[in-house]
Amino acid sequence: MADRAGRLSRISSVFLHQLKSVLRDRRTIFLAFVLPLLIVPAMILLSGWITDVREEQRESVEIEYAVVGPHGDRAANMVRLAGQHTAENDTLTSLALKEETPESPLSSLADGELHLVVRLVRSSKIHSEGESGTSKTPMLVLYYRGDSDESGWAMEELGSALEELRTAQRRELLLSSATVTKPDSFMALQLTDVAPEGRAAAYTIGRLTTLFVLFFILAGGSVVAMDLVAGERERGSLETLLTTAITRRELALSKQLIVLAIALAICILQVLNLLLYTSLGLLDSPLAEAAISPARLIVVLLLLLPVAFLASGILLLISSRARSYREAQILLFPVVLLGAVPAAAPLIPGISLSSAVLAVPVANIALAVRGVLTGGVNPALAAVSWIITGGAGIAVSLWAARLMGSSLSPEADVLPTSPIQLRLRLFSKSAPRAFLPMFALVLVSSSLFSDDLALQIIANTVLILLGGSLLLLKRYRLPLRETLGLQLPSPLIWPFLGAAVPAGILLSSHIYRLSTALFPTSARMMEEMYARGIGLDAPLWQLLLLGAIVPAVCEEAAFRGVLLGSVRRTVGSVSAVIVSSLVFGLFHMTAVRFLPTAFLGLMLGLSVVLTGSILPAIVWHALNNALALILSGTSLDPTSPGTLPTLAAAATISAAFYVMARTRSAPSPQVALDRRHRGDG
Amino acid sequence: MQDSTIQIENLVKVYHDRARGEVRAVDDITFSCRSGEIFGLLGPNGAGKTTTLRTVSTVLEPSSGTVRVMGIDARQDPVAVRRSIGFYSSTTALFPRLTARETLRFFAEVNGYPGEVRQRVEEVIHDLDLGSYADVRVDRLSQGMRQKVSLARTDIHDPPVLILDEPTTGLDVLNAREIRDRISILRDRGKTVLFSTHIMAEAEKLCDRIAIIHEGRLLGTGTLEEIRERTGERYLEDAFVKLLLRRGADG
């Protein structure tokens, strides 16, 4: 019991003193409090202003149109009538119309000289009362350009004006003739929202609340969290704390509470800030019309507490895991992105709390919050969600405590001894940064040579990636073979690697499907991509050289040799494999190719880490590309393999990795270099 | 050995370094310290001094062997061990945005000082002549003042054992001298001071007993006189070299 009091006083002492210390840091205060307070309303105001400007532009557009087809007069008449109708009607915005008569209206539209082309089709015997049954309804076709704002607006404006005109004409017709001959053709449609006042707004808020709160907490708490462990570790005050009588868990908990307190304060400030701007009439926000009862608001806040606790724990975990402040910042970005996924659960249609989602921390709370704000939620399920997410928070906290304690290296005074070690160190710091300009160059060259694929491949892979890598090696005077890892692996791995290639393609077809679902790609775009990608008219040797061998050699040297090797020295093998494959994915420019490419990078990176050489990755990469090229030329379509082939493929790849791990003879390239030069200071 | 405040027996610390493979930073070290003495751990950089001291302070866990502080096994009750020590090294920094007074109060509370914290803090401030600087933020203090506050922080909960890892590293002559005087005062108050240094002269001047370590191994322990006698050398530096050569001949 006495120790419980001691524990409380230790935790509160760390909490209060460190909070004081944090609040005295002007930079932290500015980044965590002031900046978000300014940015969020600024962003909302800006987007409102952009909408207003666009609206104004839209209203001032004079619609230039042309009429085509056999019933041109009739069509022109209808457009004019629609224009008049808007002008005579007070409730409508009057349309400014201008008819043009170019020689070829459709090509003028394509050139941007016209906004719209109008054609009347299937029009025969209109208003033919005597010949009922054979009459056809006239149809106006509006041609517009979806890639032009003005053309799109013109389509919408004229379209709705025509719609209005039609409704009005029908009503007149209905009033003038007492009998209704064809009821369905006179039906007018009116949409009425029957949701109670504010409920629609509450629904919007309900779906987004958790996501926003999580975002605020991650964004606001990150500055403090990164400083509280990674920053203190660099400055040395963490070591001081670790040698005091506080336990690791108490320390982690009190630091997590600081992050939580700051994050919650930021959250509350943000909400108050938005409310202030709304009540001043500066902003339109759904908050104002939602009319959420205070009781519900309190329940929502209670529900969100474990989310905030978990989020602050995750921030602390990153900070504890990282060996430096810089590394913490690198790790932060992907975690924030991943964290947003479960919080977005309420946006997925048809998902409910009484499903497996109940077991997913954050996602379950997000659904419960939506339930509370939009109707009802099962209290038992909400309670279970609360416990699961809170439990995850505690687990993360314990994990962070463990990492925090084991963060000190035994000897502080071990320094690199030989010049080559020093150069290797500098190299591993600057090499990852070099990929930024390389990315910019690839971007430029891709647009420069967008119509010549061969030139594009040579520029991107040979000149930029391979050239950049060699320049880096030259700059730090490092041996090519050992730095990149070009040692021959055990010959045993080759047959397994050969089997892993088709297995990898099979697995990545699943990733590809996922990717096309995430980034919808139109069939035309895909066709275009294929057409450009294959260029089937080229001879086979050229296809294989440019499509498989050259990219394999150059990309492996750059991504697996230079990037993976250098990042690995600072963040460890697992993170390095992930980072290098993400960058590899990014370099392939299109959203739909990002995930499949990153997946390939993951497998290739793993092979490098396991064998200590990039040669297997080069061979794998080349065979993979070659096989993909050949497959795309045939009618064989591997896009939806069944469960059994998928399992077999996974087993094949695992076997290949297993053999690689068992037959490994050389240590990793740069590590070996480092170790060999340990003695000669 | 009832009056041993620190007992280290067959301490081994092995760790795995990605660049260097397996490293035996401390290799079978045994020694003990008594209350009221300054015990110096002497050795060149990378000898294993920091590793040994961090193991005693429970920041690192030993690979094998035992560490006892005030009779408490460091592995069994690390928190109790940390409560009875004050640890200081050139890398244990203070919180730059707290004042000296806040710093002392903070560490007294966290270490569970049994008496009245406020009173103790004022006592130490008076004792160290910190007076006019007590409410200045640590990051605005001079290097020497900061060192003084750091040392006061180490002793604020009045622990029986002080562990100081190269406390004079990076200090100028006057500041180093002040720290050494302070260490003597603490010893005279009956505390055990275990401290490491690579400066032979410092060890000669300050230590009651010395352990010489090199590459993780203990080359010899004893008072300065004993070491002189054993090696037949007047100066510690020569004694150190002689022990090193002797060890080489043995191995």
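Model, not experiment: these values are computed from the prediction.

### Considerations on the overall build of chain B
Okay, step 1: Regarding its fold elements, chain B presents nine helices and 10 strands.
Okay, step 2: The 251 residues of chain B split such that 45% are buried.
Okay, step 3: The long-range share in chain B, meaning contacts at least 24 apart out of those at least 6 apart in sequence, stands at 68%.

### Concerning the overall build of chain A
Okay, step 1: Helix and strand counts for chain A stand at 24 helices and four strands.
Okay, step 2: Put simply, chain A has 681 residues, and 37% of those count as buried.
Okay, step 3: By sequence separation, contacts in chain A at least 24 residues apart represent 77% of the contacts at least 6 residues apart.

### Describing the packing of helix α3 (residues 100-110) of chain B against helix α5 (residues 143-155) of chain B
All names here are of chain B.
Okay, step 1: Here α3 crosses α5 at 20 degrees, and the two axes come no closer than 9 Å. For the element pair α3 / α5, the angle class is roughly parallel. Between α3 and α5 the crossing geometry is right-handed. Mapping the contact onto sequence places Ala100, Thr103, Leu104 and Phe107 in α3 and Val149, Ala152 and Arg153 in α5.
Okay, step 2: For the contact of α3 with α5, the class distribution of residues is five nonpolar, one polar and one charged.

### Re the sheet that holds strand β10 (residues 217-222) of chain B
Residues and elements named next belong to chain B.
Okay, step 1: Reading across from one edge, β6-β7-β8-β3-β9-β10 is the order of the six strands in this open sheet, with mixed pairing throughout. If you trace the sheet from one side to the other, it starts and ends with β6 (85-89) and β10, each paired once. Between one strand axis and the next, the sheet turns by 15 degrees as a mean value, whatever way the strands run.
Okay, step 2: Here helix α6 (residues 173-188) sits on the sheet and contacts β3 (38-42), β7 (161-165) and β8 (192-197); the angle it forms with β8, its principal contact strand, is near 150 degrees.

### Let's talk about the sheet that holds strand β2 (residues 97-99) of chain A
Across a sheet, strands are paired by hydrogen bonds formed along the backbone, either parallel or antiparallel in direction.
All names here are of chain A.
Okay, step 1: With mixed pairing, the four strands of this open sheet are ordered in space as β2-β1-β3-β4. Pairing within the sheet leaves two strands with one partner each, and these edge strands are β2 and β4 (139-143). For this sheet, the mean angle separating the axes of adjacent strands, direction not counted, is 30 degrees.
Okay, step 2: As paired strands, strand β3 (residues 116-121) and β4 are joined by five bridges and run antiparallel to one another.

### A short note on helix α17 (residues 493-518) of chain A
Residue and element names in this part refer to chain A.
Okay, step 1: Compared with the 38 Å implied by 1.5 Å per residue over 26 residues, the 35 Å span of α17 between its first and last C-alpha is a close match.
Okay, step 2: By the largest-angle criterion, valine 501 marks the main kink of α17, which is about 25 degrees, and a proline, proline 502, follows within four residues.
Okay, step 3: Every buried residue of α17 is listed here: Ile493, Leu497, Ala500, Val501, Ala503, Gly504, Ile505, Leu507, Ser508, Ser509 and Ser515.

### Digging into the packing of helix α19 (residues 540-571) of chain A against helix α20 (residues 573-586) of chain A
All names here are of chain A.
Okay, step 1: Viewed as axis vectors pointing N to C, α19 and α20 meet at an angle of 140 degrees, and their least axial separation amounts to 8 Å. The angle between the axes of α19 and α20 places the two elements in the oblique class. α20 is crossed by α19, and the crossing has right-handed handedness. Residue-level contacts link Phe559, Arg560, Leu563, Leu564, Val567, Arg568 and Val571 of α19 to Ser573, Ser575, Ala576, Val577, Val579, Ser580, Val583 and Phe584 of α20.

### Some points on helix α13 (residues 379-405) of chain A
Okay, step 1: Look at α13 of chain A: 39 Å from first C-alpha to last across 27 residues, which is about the 39 Å you get at 1.5 Å a residue.
Okay, step 2: For α13 of chain A, the set of buried residues is Ala382, Ser385, Ile388, Thr389, Gly393, Val396, Ser397, Ala400, Ala401, Met404 and Gly405 of chain A.

### Describing the confidence of the model for chain A
Residue and element names in this part refer to chain A.
Okay, step 1: Within chain A, residue pLDDT values average 80, and 83% of them lie at 70 or more.
Okay, step 2: Averaged pLDDT values over the elements of chain A bottom out at 52 in helix α18 (residues 523-534) and peak at 90 in α13.
Okay, step 3: Note on residues 125-134: pLDDT under 50 across the span, and five contacts to partners over four residues away in sequence or across chains.
Okay, step 4: Across residues 410-417 the pLDDT falls below 50, and counting only partners more than four positions away or on other chains, this stretch makes 21 contacts in the model.

### Some words on unusual backbone geometry
All names here are of chain B.
Okay, step 1: With phi around 70 degrees, threonine 58 is a residue other than glycine that occupies positive phi space.
Okay, step 2: Looking at where threonine 58 falls in the secondary structure, it is placed in the loop between α1 (49-56) and β4 (64-69).
Okay, step 3: The phi angle at aspartate 129 is positive, at roughly 65 degrees, despite the residue not being glycine.
Okay, step 4: Position of aspartate 129 among the secondary structure elements: in the loop between α4 (117-127) and α5.
Okay, step 5: Judged by local crowding, aspartate 129 falls into the exposed class, with 9 C-beta atoms found within 10 Å.

### Observations regarding the environment of asparagine 10 of chain B
Okay, step 1: Here asparagine 10 of chain B is to be found in strand β1 (residues 4-17).
Okay, step 2: Taking the C-alpha atoms as reference, asparagine 10 of chain B lies 9.9 Å from proline 62 of chain B; in sequence the two are 52 residues apart.

### Describing the confidence of the model for chain B
Low-pLDDT stretches of the model should not have their predicted coordinates read in fine detail.
Okay, step 1: Per-chain confidence: chain B averages 88 in pLDDT, with 95% of residues scoring 70 or above.
Okay, step 2: For this predicted complex, the interface score ipTM comes out at 0.90, while the overall pTM is 0.63.

### Some points on the environment of serine 237 of chain A
Okay, step 1: With respect to the secondary-structure elements, serine 237 of chain A resides in helix α7 (residues 237-242).
Okay, step 2: A count of 22 C-beta atoms within 10 Å places serine 237 of chain A in the buried class.
Okay, step 3: Among residues more than four places away in sequence, those in contact with serine 237 of chain A are Glu232 of chain A together with Ala93, Leu94 and Phe95 of chain B.

### Some points on the pairing of β7 of chain B
Residue and element names in this part refer to chain B.
Okay, step 1: The buried fraction of β7 is high, at five of five residues.
Okay, step 2: Judged by which residues are buried, β7 turns out to be covered on both faces: Val161, Ile163 and Asp165 on one side and Leu162 and Leu164 on the other are all buried.
Okay, step 3: Here β7 runs beside β8; their pairing, made up of five bridges, is parallel. When the bridges of β8 are listed, leucine 164 appears paired with phenylalanine 195.
Okay, step 4: With α6 bridging β7 and the parallel β8, this β-α-β connection has right-handed handedness.

### Here's the deal with the environment of threonine 93 of chain A
Residues and elements named next belong to chain A.
Okay, step 1: Within the element layout of this structure, threonine 93 appears in the loop between α3 (72-88) and β2.
Okay, step 2: Distance in space between the C-alpha atoms of threonine 93 and alanine 161 is 9.1 Å, their sequence separation being 68 residues.
Okay, step 3: Among residues more than four places away in sequence, those in contact with threonine 93 are Glu59 and Thr86.

Criteria and cut-off values
Residues numbered from 1 in each chain as written. Chains lettered and ligands numbered in written order. Predicted model: local features only at pLDDT ≥ 70, side-chain atom pairs only at ≥ 80, totals over all residues. Helix = DSSP H or I, 4+ residues; strand = E, 2+ residues; numbered from the N terminus. Buried ≥ 20, exposed ≤ 12 C-beta atoms within 10 Å, placed from the backbone. Contact = placed C-beta atoms within 7 Å. Axes fitted to C-alpha atoms, helices over the stretch in contact; angles between N-to-C directions. Parallel < 35°, antiparallel > 145°, perpendicular 65-115°, else oblique. Left-handed = near helix turned anticlockwise from the far one by under 90°. Nonpolar A, V, L, I, M, F, W, Y, C, P; charged D, E, K, R; others polar. Pairing = 2+ DSSP bridges. Expected span 1.5 Å × (residues − 1). Bend = angle between axes of the 7 residues up to and from the residue. pLDDT = per-residue confidence, 0-100. Right-handed = clockwise from strand over helix to strand, strands pointing away.

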